[in-house]
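Survey of secondary and tertiary structure
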Amino acid sequence: MKIQKKTIALSIYFILLILPIYWMLNMSLRTNADILANFALYPADITFKNYIKIFTDPTWYSGYINAMIYVCMNTVMSLAFALPAAYAFSRYKFLGDGQMFFWFLTNRMAPPAVFLLPYLQLYSTINLMDTCLAVALAHCLFNVPLAIWILEGFMSGIPKEIDETAFIDGYSFPRFFVTIFIPLIRAGVGVTAFFCFMFSWVELLFARTLTITDAKPITATMTRTISATGLDWGLLAAAGVLTIVPGALVIWFVRNYLAKGFALGRV
Amino acid sequence: MEKWQDNKAWFLILPATIIVAFSAIIPLMTVVNYSIQDIFGPGEAVYVGMEWFRDMLGNYRLHDALWRQFLFSGLVLLIEIPLGVLIALAMPKRGWGVSACLVTLALPLVIPWNVIGTIWIIFTRPDIGLFGVGINSLNLLSVPFDHTAKPLYAWITLLAMEVWHWTPLVALLAYAGLRSIPEAYYQAAKIDGASKWATFFYIQLPKMRGVLTIAVLLRWMDSFLIYAEPFALTGGGPGNSTTFLSIYLVKLATMQFDLGPAAAFSLIYFLIVLLFSFIFYQALLNVGRGEKT
């Protein structure tokens, strides 16, 4: 009897968890006139008009392309910079290691709003305003530290004897690192890539501030539609549903590492 | 694991240091620069010393936003931590249910933050939202539910959104903690005839201490920086009732364009966050140590 009660409570929680997402999906499959005129728990006659509009109107679909570009750029950059740094933190003691590790963490914790004004000035000065590269660079602020922390967690699980053996066998450091060490922690690299991808994908403030038109990501497009008159709820809901898709597609692969990633590699 | 002592390791962290410093140190220096000057236009600035800091420290809007922030972050912890632990305890321990639960739990965590706001607008609006229409059709409230009309409703909606968004994180962490407890502990408890409560307080809770510390600190820090969700949902209103620190700072900086005061505010905000980060760091180091020994 006790187990049943527990299962029922858990089921109710999961229904509540899904309900708001279901409601947006419901809205996205109806026309705006239908949404405003009738209150319906499920779409009576399903229409894909909202999705077709997003896939054919460049002001909408370019938002997805831009976001994908800077998110991928950021993921590659974060990994490239974080891998050697994480190796140093997991293997070596050096002058100021504790302080540097803490400094990286403070950047993951820093409020993006604080950096808003200087970023406008900095990126206009170096002529990067309204480019995907600017957003990718700005997102390094929190993604490089995150990647270092997660990777350090994975690397510390690899015994140091492997490194020592490889060096005795005459491997140079770069060759050892690329051909032996990275394959050993490939699960960790995959998980880190997922988290860099995700945190860059969900961020709004930098992405909105550093772009005007050419590199505007979908999240910024959506906030600008909210303030416009004659809001099209169906279209907004469809855009929202499409932003969930990339994350939802890859959760399955990292499901066992989610706790580790969200906890900065400390679980 | 004993580490090698070698200062040449600095070469390995140098690239990461440069890229983060470019995004962190240069902008921070610009903020310091703004905070001690009155800027009229390009090349026209007057040194004003600590005036902006005195201004902001005595600013009642900043005080209000700060207390609101503490209240919000406090409530978030009070609701999310116990709820997350309960969910983790109720989750299945083996079988297909585990993966299904983990994937469903993670879903809100990968949605862009302002889309979270959009979801909740659509969900709670009194004309089209399931929750808004549902609660108003019950006729229980003296004032019809509308999160843009009454501060209390705005707060309830925001808290519901925040709990919906981030409780899964706490649950995931707590579940990871629970899974690390060896089966032998439970068997020993059973032989001793320990009750469910005793098992929870003497075995599960102490073993979850590490992950729960991380959960508390992460939720505290991240709710302290919250921007996109309330921005999308309430825009800081009605009035200023949901204007948290980040929202107030962005308003000050981009709408009124008060560079000096905004910069001074930024530095004060940053110092508060730095203080919490330090506590966080110490706690994280202890968590790591606890697991290794």
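About the thresholds
Residues numbered from 1 in each chain as written. Chains lettered and ligands numbered in written order. Predicted model: local features only at pLDDT ≥ 70, side-chain atom pairs only at ≥ 80, totals over all residues. Helix = DSSP H or I, 4+ residues; strand = E, 2+ residues; numbered from the N terminus. Buried ≥ 20, exposed ≤ 12 C-beta atoms within 10 Å, placed from the backbone. Contact = placed C-beta atoms within 7 Å. Nonpolar A, V, L, I, M, F, W, Y, C, P; charged D, E, K, R; others polar. Core = buried A, V, L, I, M, F, W, Y, C linked by C-beta atoms within 7 Å. Domains from an automatic or database assignment. Axes fitted to C-alpha atoms, helices over the stretch in contact; angles between N-to-C directions. Parallel < 35°, antiparallel > 145°, perpendicular 65-115°, else oblique. Left-handed = near helix turned anticlockwise from the far one by under 90°. pLDDT = per-residue confidence, 0-100.

Observations concerning the overall build of chain A
In terms of helices and strands, chain A carries 14 helices and one strand. Considering only C-alpha atoms, chain A reaches an extent of 75 × 65 × 30 Å along its principal axes. When each of the 267 residues of chain A is scored for burial, the buried share is 47%. Relative to all contacts within chain A whose residues are 6 or more apart in sequence, the contacts with residues 24 or more apart total 81%.

Thoughts on the overall build of chain B
Along chain B, the regular secondary structure elements total twelve helices and three strands. Along the three orthogonal principal directions, the C-alpha set of chain B runs to about 80 × 70 × 30 Å. Buried residues in chain B amount to 41% of all 293 residues. Contacts spanning at least 24 positions in sequence make up 69% of the contacts within chain B whose residues lie at least 6 apart.

Here's the deal with the interface of chain B and chain A
Between chain B and chain A, the residue contacts involve 75 residues of the former and 80 residues of the latter. Grouping the constituent residues of the side of chain B that touches chain A by class yields 61 nonpolar, twelve polar and two charged.

So, the nonpolar core
Among soluble globular proteins, nonpolar side chains are generally buried collectively. Formed by 165 residues in total, the largest nonpolar core has its most connected members in I148(A) and L173(B). Element by element, the count of residues in this core is highest for helix α7 (residues 132-155) of chain A, at 18 residues. If you count residues domain by domain, this core takes at least three from each of domain 1 (1-47) and domain 2 (58-262) of chain A.

A closer look at the domain arrangement of chain A
Residue and element names in this part refer to chain A. The assigned domain composition of chain A is domain 1 (1-47) and domain 2 (58-262). Taken residue by residue, the interface counts eight residues in domain 1 and seven residues in domain 2. Looking at the side of domain 1 that touches domain 2, the elements that each hand over two or more residues are α1 (2-28) and α2 (32-37). Counting residues per element, the side of domain 1 that touches domain 2 draws most heavily on α1, which supplies four residues. For the side of domain 1 that touches domain 2, a count of residues per class yields four nonpolar, three polar and one charged.

Examining the packing of helix α3 (residues 49-56) of chain A against helix α13 (residues 233-254) of chain A
Residues and elements named next belong to chain A. Direction vectors running N to C along α3 and α13 enclose 70°, while the axes themselves pass 9 Å from each other. One element, α3, and the other, α13, form an angle in the roughly perpendicular class. Of the two possible hands of crossing, α3 and α13 adopt the one that is right-handed. Across from N50, Y51, K53 and I54 in α3, the residues of α13 making contact are G234, L235, A238, A239 and L242. Grouping the constituent residues of the contact of α3 with α13 by class yields six nonpolar, two polar and one charged.

A closer look at the packing of helix α3 (residues 60-90) of chain B against helix α9 (residues 196-224) of chain B
Residues and elements named next belong to chain B. Across the interface, α3 lies against α9 with an axial gap of 9 Å and an inter-helix angle of 145°. Once α3 is placed against α9, the crossing between them reads as right-handed. From α3, Q69, F72, S73, V76, L77, E80, I81 and G84 reach across to α9, where they touch L212, A215, V216, R219, W220, S223 and F224. Across the contact of α3 with α9, the residue classes tally to nine nonpolar, four polar and two charged.

Some details on unusual backbone geometry
Most peptide bonds take the trans form, and the phi angle of most residues other than glycine is negative. Residue and element names in this part refer to chain A. Even without being a glycine, N127 presents a positive backbone phi close to 60°. With respect to the helices, strands and loops of the structure, N127 is situated in the loop between α6 (116-125) and α7. Located in the positive-phi region is D130, a residue other than glycine, with phi close to 60°. Assignment of secondary structure puts D130 in the loop between α6 and α7. Among the residues examined, D130 registers 16 C-beta atoms within 10 Å and is labelled partly exposed.

Some thoughts on the environment of P159(A)
Residue and element names in this part refer to chain A. Its location among the elements puts P159 in the loop between α7 and α8 (160-168). Assessed through the 10 C-beta atoms surrounding it within 10 Å, P159 is described here as exposed. Taking C-alpha positions, P159 is 9.9 Å from R91, a pair spaced 68 residues apart along the chain.

Focus: the confidence of the model for chain B
The predicted model of chain B has a mean per-residue pLDDT of 86, with 96% of residues at 70 or higher. We note a pTM of 0.88 for the whole complex and an ipTM of 0.87 for its interfaces.

A closer look at the environment of I168(A)
Residue and element names in this part refer to chain A. When you line up the elements, I168 lands in helix α8. For I168, a count of 8 C-beta atoms within 10 Å corresponds to the exposed category. In this structure, the C-alpha to C-alpha distance between I168 and L231, residues 63 residues apart in sequence, is 67 Å.

Quick look at the environment of F53(B)
Note on placement: F53(B) falls in helix α2 (residues 51-57). The spacing of F53(B) and I36(B) is 17 residues in sequence and 8.4 Å in space, taken between C-alpha atoms.

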